[in-house]
Amino acid sequence: MKSRSKKAIINITLVLTALSIAIYSAMYVTVTITSNSMKPTFEEGELILMKGHFFNPTIKRGQIVMFSTKDKPAVLKRVIGTAGDLITMNKKTVYIFKKDSASSLFEMQNVISSLGKYKENGYPLAVYDTHIDDIAFKVAFTGIVPANEEHYFQQDGMLIGQWSVPSGHLFVMGDNRDFSVDSRFFGFVSTSSVKAVY
């Protein structure tokens, strides 16, 4: 009788443990940063916790999303534009024509925060404070690396450096702007491919 009770307790404990792990996995995703494209927000080797599908979040401008590509299972970038927005780049300045805003034109203002504290490939980075909507964050530039407009993804019917975000998609960029491969180069990210939000 006691051995049956022990087995039952062990089985219940195993089931509860497995259930807890499954619930935690649906709620949160642990990610190891594998590149410096999000510097200074995250640095390579850092471990972060992101909200998973359980929360079913509405994705907003300024949030960081994790999605997968055919080459990488976990890519992190910041949402710059959502469906209906028009994104325009002029050199390294981002303009957002927001679909859902009365004052539609928004220029991402960059206010210098630090110079040379961070480096990338030997280049000192200038770090700027900026924001989109109610989310404040930092971005980095070298001032030396060109914008590489000739490699921009060109959307049909749009000028180079302009993108109209289609329904069900996002326009994303890395915070380390001169060292990020993002929507400027590979195009839009489907919201259905987003696995987690920070």
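Look up: the structure comes first, before these words.
An account of the accompanying structure is given in this report. (Residues numbered from 1 in each chain as written. Predicted model: local features only at pLDDT ≥ 70, side-chain atom pairs only at ≥ 80, totals over all residues. Heavy atoms only, no water.)

### Digging into the layout of surface pockets
And then number 1: In this structure, the largest pocket encloses a volume near 340 Å³.
And then number 2: Lining the largest pocket are 21 residues, with Ser35, Ser37, Lys72, Val75 and Lys77 positioned closest to its centre.
And then number 3: A per-element tally of the lining of the largest pocket places strand β4 (residues 75–82) first, with 3 residues.
And then number 4: By residue class, the composition of the lining of the largest pocket is 9 nonpolar, 8 polar and 4 charged. (1 Å grid on protein atoms, 1.4 Å probe; cavity = no way out; pocket = protein on both sides within 12 Å on 5 of 7 lines; lining within 4 Å. Points joined across faces, edges and corners; volume = space filled by probe spheres on them. Helix = DSSP H or I, 4+ residues; strand = E, 2+ residues; numbered from the N terminus. Nonpolar A, V, L, I, M, F, W, Y, C, P; charged D, E, K, R; others polar.)

### A word on the sheet that holds strand β9 (residues 123–132)
And then number 1: Here we have 3 strands laid out as an open sheet, ordered β8-β9-β10, and antiparallel in their pairing. Looking at which strands have only one partner, the edges of the open sheet turn out to be β8 (111–120) and β10 (135–141). In this sheet, neighbouring strand axes are inclined to one another by 30 degrees on average, regardless of whether the strands run parallel or antiparallel.
And then number 2: Bridge count for β8 against β9 is 7 bridges, and the pairing is antiparallel. (Pairing = 2+ DSSP bridges. Axes fitted to C-alpha atoms, helices over the stretch in contact; angles between N-to-C directions.)

### Description of unusual backbone geometry
And then number 1: Between lysine 39 and the following residue, proline 40, the backbone shows a cis peptide bond with an omega angle of 10 degrees.
And then number 2: Considering the arrangement of structural elements, one finds proline 40 in the loop between β1 (28–32) and β2 (47–51).
And then number 3: In this structure, lysine 91 takes a positive phi of about 60 degrees despite not being glycine.
And then number 4: Within the secondary structure, lysine 91 sits in the loop between β5 (86–90) and β6 (93–97).
And then number 5: Positioned with a positive phi, aspartate 133 is a non-glycine residue whose angle comes to about 50 degrees.
And then number 6: With respect to the helices and strands, aspartate 133 occurs in the loop between β9 and β10.
And then number 7: For aspartate 133, a relative accessible area of 34% translates into the label partly exposed. (Buried < 20%, exposed > 50% of the residue type's maximum accessible area, 1.4 Å probe, protein only.)

Don't take any of this as a statement about function, it's just geometry.
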